[in-house]
Amino acid sequence: MVDTDWVISVHKASKRFGADVLFESLDLEIKPGKAIRLCGPNGAGKTQFLLGLAGLVPFDEGEVVLHQDGTRKSFSSDPYLRDRDIRYIPDSLGELTFRSVAEFAFLLSRSLRPFHLGSRADAVTQFFERVRPHLEQVFGGTLCAEAPVAALSFGQQRCLAIAAAVAGPALPPRALVVDEPLTGLDASGVEEIVELLSEVKRQGVALLVAEHRPQIEKLDFAETVQFPYHRDCTEEAPPRSHPAWEGGDAVKAGRAETAPLLALDSVRAGYPGATVQCDELRLGPGEIAVITGDNGAGKTGLLKGLLGLPPTTITGRVEFEGVAVPNLAAALKSGKIRYMRQNRSSFLGLRVADVVKIAAWAGESPVPLKVLEVARRTGLRKRVEQLSAGNRALLALVQALAGRPRLALLDEPTANVDPANRVEIFSLIEHARQEWGTGFLVVEHTRLPLPARYYRIERNHGYPRLLPCG
Amino acid sequence: MNAQWADIGVRTLLDSSLVLAQVLILNRLGIPFAAITLFAGLAAYGVATALHFGPLLFILAVALSVLLVVVFTALVRALPQDSYLLLTLAMLGVGGALVSASATLGGQLGMSSTSSVLRAQEPGPFLWCAVPLFLLAFGLIWLLERSQFGLAVEVARMARQEKQAISLIPLWPITALVFFIASGLAFSSGAFQALYTGRVDPNVFRIENAIPLLVATLAGGRSPWRASAIALTFFIFPDLFSLLVGYQRNAMAQVREIIWSVAIIILAEKQLAGARIVR
Amino acid sequence: MSVETLVGGLLRATYFVPAVLGFCLAARHGGYLPLWLPQCGTIAAYLAYYFAERSGWNGACSLVGALIAGGVLGVACHRLLFAGHVARREPYAALLRGVAVSLVIENVVGLMSSGYALAFETLRPTWQVVCGWPLNDTLRLPDLVSLGALAVLAPALWLSVNHTRLGLAYRAVASDRDLAREHGINADRIDTLVIFGASSLCACSGILYALRYGLTPQMMTTPALKIVAVAVAVGPDRLLISATAVVMMGGIERLCQGIPGAAGLEHGVGYTVLIIGVMANYVLRPLWRRWALVMGKERFNERPVG
């Protein structure tokens, strides 16, 4: 019988990385059978919170406490001991997928007796025979005990991990903490996972889920926590109209007549095994194309594949400035194309002034005044690691635009950026678009307050495809 | 002739036990530890001082070994792999500097470690110590391959890269236990070696002495059979060659060091490829 | 122990200033500790001896030839054995290989020279000046060149790294190689330049030391420990402090020599500094930061103003 007379409280949990406050004074109550959703862009702190809750990384401040039968008990900082009550399922199962199905389930069900000298093969076999019917019922198919988990699909791996996590010999945990369970799954995979999590919730296990996709809402969340979490922060959307882009609602007609800056036809690009098919895409000077999609859909891989960055691959017809090229690597090297990465921790140890100089390294013209002005506002004497997340994003954009590129590929330029800096970013993009005719291929989760064409990566006939949307 | 073979056997088995002890830490746990001779050296000096001054210093050597194990275990997650390796080598160097600076411990010349019970250089009785020690080391690695404890050790090895693995096992106790076992084996090997040779000196802490052991460890892999076969061959070969061909064992020391070093250059590429920054 | 002994130790340690500068440059560039690099000094010293004493070259040609050869061999060694590890960010494997390469060089040189100590005859520095307190010894030309390295070379290198275009390219590649490439910086060229320069600096140290104190196969092995310890403790990006620190370590070692009955501790100084450096960087500093956070010391969080 699952115990339901308890509450897990999180008191004033805080976590910072240098200048970035991921969350501050976060209070939360976790109750039996209650589902809590964590939302927010990449790098906002959701995973750090979940890891901190499971004891895998320490909070800078705050505590996690169990209230039961009128008593109050702080959880151990040892993740192994805390795991009995708060169990973590990561988004990526990593090296564990090299294990056999039976061993994987054995480990994740916490059936392993770490100091036991008895035969592991016997223990794993006995365990697997006992839980096989239940796992196969959840899995919806037969399981081969000896097959490596890596041979299963992402969805099957996730199903197996979640099912095994609550299938152990001991009582299930009080709370299951799941990080992006629907990443990279197609519709049927999503349905399986959501159904499995619903079943776990019905058993009285509390769920904390970090997930973007709307299908997760079937879990009927009691509470949603928005990240980055600050006690006095209100999330504002940038204003609909702004002087920086007044009159820019429609793409300028003149530009539509020039040859496209970038033309993709039947291109397939991305990380091996996760390529995205793009049937047709045209981008002219001064135009913005926005690529959206769920986490793990292949957006970053697509950009890197177009740029020819290892280990990605690309096939199909690519034209840049009317010339057919195998990929955009040569244009990147020459400075005609610039790439703003998702990872803003670049050129750590250098000052902002140095980064700006490097950005204009290959260029023949000096750094544009507008770009220099933005760089000055972030603080030219500051080192990169001293900047906040918003200022780092601004600096990354400055790097991308310092050489007045013909085309800029931006990977989530506003992820984890405060509203004020977001306005700066859009202002700079609009300036580049209007003044220099720079084209933009942007990966984003949300719609931009700028004139743009939108595409979405959807699973179509079993593989990811870039499709135009409204 | 029999005494000669017994002598070779004792030295080979004791050195191979050291290699198997290091296999437990380096290959099984995945911890970049190159200073197994530190524990052997502590044991050697502990035995020598116990014979001269009574058991107190031996107990101190044991306590110091235990403390070192605790420190090494605690630092595993705090330090990146290259810094950890450097630290272990530096500890060896400090150990050597301290014993060579101490007049009580004989300084640069070392001290005698001849016992009246087990007489030095008489290989017969020492075979009865060396063989069980080697079999124990072999048996432990064999057990790790088959037991749930061994599976936990494999998960502990994975824990450097996989956060989730930390919650699957009691990481610190597993790491500490394997370290204790390995240091115990090394301590025993060092003690027997000291009693057998009858003399200890600061050379036992030299980094150059740790290198052949490291080569054998890297080449040995995780399998008990392979690690044992390679370790035994590695240490028996120079004596065998010397016996059969008749050259002076010590004369080729530089050539041997070159060969071990080249072996590390080759093995470091193969064995450690993919040992990326895990800070 | 006297002041003269201490000053003598400090002076002797200045011979390794070029080597520590080269080591720090290469360590920051490659992201690993190139333990093999100081052995370029051993190779260069023996080559200079061979050119000058056995092949009959004139002094300048011998020294310059040995310097260049040391640099070229360093580049070749890096390309062959370490460039892959640098590109794949594998400092542990590179460190292990570096230890092995260092031992190979030391033993090959030992084998070829039969382990005997050698001394320059034709290139023996003859110019000397008697120096009073606090040295109370003769100063020779290599001593002055080493002092010049500390006084001139270290600041010049610091200025180059921090205030020139080439230095900016070096720092960019050291920080993020792939991104630097994307911005048009030729990372491979920077690689070659840095390793050549670092190897030549180590060669310079080795040659100077050999001119003054003679050649042995282990001549750069013990100093290499000092150099590594300084780079770990101080950080490879602090050139001026590293140069000063290596000199001070020489003084500390000489102080230990003066302690009755504890001369052997001299060899433990480098290892001790290494241990302190590692512990300070990875154990004490995070603890300090955590304490500062808890105590609400905002300045340690480095938040932007405004």
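All values reported here derive from a predicted model rather than from experimental measurement.

## Here's the deal with the overall build of chain B
So, step 1. Broken down by element type, chain B carries 11 helices and 2 strands.
So, step 2. Its helices and strands taken in sequence order, chain B reads α-α-α-α-β-α-α-α-α-β-α-α-α from the N to the C terminus.
So, step 3. Compactness check: chain B gives a C-alpha radius of gyration of 19 Å against a globular reference of 19 Å for 279 residues, within 12% of the reference.
So, step 4. Looking at chain B alone, contacts between residues at least 24 apart form 79% of all its contacts between residues at least 6 apart.

## A short note on the interface of chain B and chain C
So, step 1. The partner chain C presents 35 residues to the 35 residues of chain B that form the contact.
So, step 2. At the level of elements, helix H4 (81-101) and helix H11 (253-272) of chain B are the ones that each hand at least two residues to the side of chain B that touches chain C.
So, step 3. Here the side of chain B that touches chain C gets 14 residues from one element, more than from any other, and that element is H4 of chain B.
So, step 4. Looking at side-chain class alone, the side of chain B that touches chain C contains 23 nonpolar, 8 polar and 4 charged residues.

## Topic: helix H6 (residues 187-202) of chain A
Residue and element names in this part refer to chain A.
So, step 1. The end-to-end C-alpha distance of H6 is 23 Å, a good match for the 22 Å that 16 residues give at a rise of 1.5 Å each.
So, step 2. Buried residues of H6: Val190, Ile193, Val194, Leu197 and Val200, and no others. Around the axis of H6, the buried residues are gathered within 120° of arc, so they sit on the same side. Residues of H6 that are exposed and point more than 90 degrees away from the buried face comprise Ala187, Ser188 and Arg202.
So, step 3. Tucked into the core, H6 has its buried residues touching helix H5 (154-165), strand E7 (175-179) and strand E8 (206-210).

## A closer look at the interface of chain B and chain A
So, step 1. On the chain A side, the residues contacting the 21 residues of chain B number 23 residues.
So, step 2. Counting only elements with at least two residues in the side of chain B that touches chain A, the list comes to helix H5 (123-146), helix H6 (148-158), helix H7 (163-168) and helix H8 (171-197) of chain B.
So, step 3. The biggest single contributor to the side of chain B that touches chain A is H6 of chain B, with 7 residues.
So, step 4. A per-class count over the side of chain B that touches chain A returns 12 nonpolar, 6 polar and 3 charged.

## Describing the domain arrangement of chain A
Residue and element names in this part refer to chain A.
So, step 1. For chain A, the assigned domains read domain 1 (6-226) and domain 2 (243-469).
So, step 2. Computed from C-alpha atoms alone, the centre-to-centre distance between domain 1 and domain 2 is 35 Å.
So, step 3. Contact residues are listed per partner, giving 13 residues for domain 1 and 14 residues for domain 2.
So, step 4. Per-class residue counts for the side of domain 1 that touches domain 2 are 3 nonpolar, 6 polar and 4 charged.

## A few points about the nonpolar core
So, step 1. In this structure, Ala105, Val177 and Val398 of chain A together with Val20, Ala48, Ile207 and Val246 of chain C are the most contacted members of the largest nonpolar core, which totals 343 residues.
So, step 2. Split by domain, the residues of this core number at least three in each of domain 1 (6-226) and domain 2 (243-469) of chain A.
So, step 3. Here Ala105 of chain A is in contact with Phe128, Val131, Leu135, Leu160 and Ala164 of chain A, once residues within four sequence places are set aside.

## Focus on the pairing of strand E15 (residues 337-340) of chain A
Residue and element names in this part refer to chain A.
So, step 1. Burial along E15 is two-sided: the face carrying Ile337 and Tyr339 and the face carrying Arg338 and Met340 are both buried.
So, step 2. Note: E15 against strand E16 (residues 407-411), 4 bridges, orientation parallel. By the bridge assignment for E16, Tyr339 is matched with Leu409.

## Structural notes on the environment of Asp191 of chain C
All names here are of chain C.
So, step 1. Tracing the sequence through the fold places Asp191 in helix H9 (residues 187-213).
So, step 2. Owing to 21 C-beta atoms within 10 Å, Asp191 belongs among the buried residues under this scheme.
So, step 3. Along the sequence, Asp191 and Ala174 sit 17 residues apart, while their C-alpha atoms lie 9.5 Å from each other.

## A closer look at the sheet that holds strand E6 (residues 86-89) of chain A
All names here are of chain A.
So, step 1. Judged by pairing direction, the sheet is parallel, and its 5 strands sit side by side in the order E6-E7-E8-E3-E9 without closing on themselves. Each end of this open sheet is capped by a strand with a single partner; those strands are E6 and strand E9 (223-226). For this sheet, the mean angle separating the axes of adjacent strands, direction not counted, is 15°.
So, step 2. Two elements, strand E3 (residues 35-39) and E9, share 4 bridges in a ladder whose sense is parallel.

## Concerning unusual backbone geometry
So, step 1. A cis amide bond links Pro310 of chain A with the next residue in sequence, Pro311 of chain A, at an omega value of 5°.
So, step 2. Positive phi is not limited to glycine here, since Arg110 of chain A has a value of about 60°.
So, step 3. You can see Arg110 of chain A is positioned in the loop between helix H3 (101-108) and helix H4 (120-139).
So, step 4. C-beta crowding within 10 Å serves as the criterion here: with 21 such atoms nearby, Arg110 of chain A is assigned to the buried category.
So, step 5. The phi torsion at Arg89 of chain C lies on the positive side, around 55°, for a residue other than glycine.

## Considerations on the environment of Ile8 of chain B
All names here are of chain B.
So, step 1. Counting through the fold element by element, Ile8 comes out in helix H1 (residues 2-28).
So, step 2. Along the chain, Ile8 and Phe235 lie 227 residues apart, while their C-alpha atoms are 8.9 Å from each other.
So, step 3. Not counting chain neighbours up to four residues away, the residues in contact with Ile8 comprise Ile236 and Asp239.

## Some points on the sheet that holds strand E2 (residues 20-30) of chain A
Residues and elements named next belong to chain A.
So, step 1. Pairing within the open sheet is antiparallel, and its 4 strands lie in the order E2-E1-E4-E5. With one partner strand each, in any of the chains shown, E2 and strand E5 (71-74) form the two edges of the open sheet. Neighbour to neighbour, the strand axes of the sheet diverge by 15° on average, direction disregarded.
So, step 2. Judged from the 7 bridges that link them, strand E1 (residues 6-17) and E2 form a sheet pairing that is antiparallel. When the bridges of E2 are listed, Lys15 appears paired with Phe23.
So, step 3. Here helix H1 (residues 46-53) sits on the sheet in contact with E1, E2 and strand E4 (61-68), set at roughly 130° to E1.

## A word on the packing of helix H2 (residues 17-30) of chain C against helix H6 (residues 141-163) of chain C
Any two packed helices are characterised by how steeply their axes cross, that is the angle between the axes, and by the distance between the axes.
All names here are of chain C.
So, step 1. With their axes 9 Å apart at the nearest point, H2 and H6 run at an angle of 25° to one another. On the basis of their axis angle, the class for H2 and H6 is roughly parallel. Note on element contacts: H6 touches H2 through Ser146, Ala149, Leu150, Leu153, Ala154 and Leu157, opposite Val17, Pro18 and Leu21.
So, step 2. Residue classes in the contact of H2 with H6 are distributed as 8 nonpolar, 1 polar and no charged.

## A few points about the confidence of the model for chain A
The predicted coordinates ought not to be read in detail in places where the model reports low pLDDT.
Residue and element names in this part refer to chain A.
So, step 1. Overall, the prediction assigns chain A a mean pLDDT of 84, with 91% of residues at 70 or greater.
So, step 2. Within chain A, the element-level pLDDT minimum falls on helix H7 (residues 253-257), averaging 41, and the maximum on strand E17 (residues 439-443), averaging 95.
So, step 3. Scored below 50 in pLDDT, residues 232-257 shows 32 contacts in the model against residues more than four places distant or in partner chains.

## What to know about the environment of Leu306 of chain A
All names here are of chain A.
So, step 1. With respect to the helices and strands, the residue Leu306 is situated in helix H8 (residues 299-307).
So, step 2. Using a count of 28 C-beta atoms within 10 Å as the deciding quantity, one classes Leu306 as buried.
So, step 3. Between the C-alpha atoms of Leu306 and Leu428, which are 122 residues apart in sequence, the distance is 24 Å.
So, step 4. In this view, Leu306 contacts Ala269, Ile314, Asn327 and Leu328; residues no more than four positions away in its chain are not counted.

Cut-offs applied
- Residues numbered from 1 in each chain as written.
- Chains lettered and ligands numbered in written order.
- Predicted model: local features only at pLDDT ≥ 70, side-chain atom pairs only at ≥ 80, totals over all residues.
- Helix = DSSP H or I, 4+ residues; strand = E, 2+ residues; numbered from the N terminus.
- Rg over C-alpha atoms; globule rule 2.2 N^0.38 Å.
- Contact = placed C-beta atoms within 7 Å.
- Nonpolar A, V, L, I, M, F, W, Y, C, P; charged D, E, K, R; others polar.
- Expected span 1.5 Å × (residues − 1).
- Buried ≥ 20, exposed ≤ 12 C-beta atoms within 10 Å, placed from the backbone.
- Arc of directions from axis to C-beta.
- Domains from an automatic or database assignment.
- Core = buried A, V, L, I, M, F, W, Y, C linked by C-beta atoms within 7 Å.
- Pairing = 2+ DSSP bridges.
- Axes fitted to C-alpha atoms, helices over the stretch in contact; angles between N-to-C directions.
- Parallel < 35°, antiparallel > 145°, perpendicular 65-115°, else oblique.
- pLDDT = per-residue confidence, 0-100.

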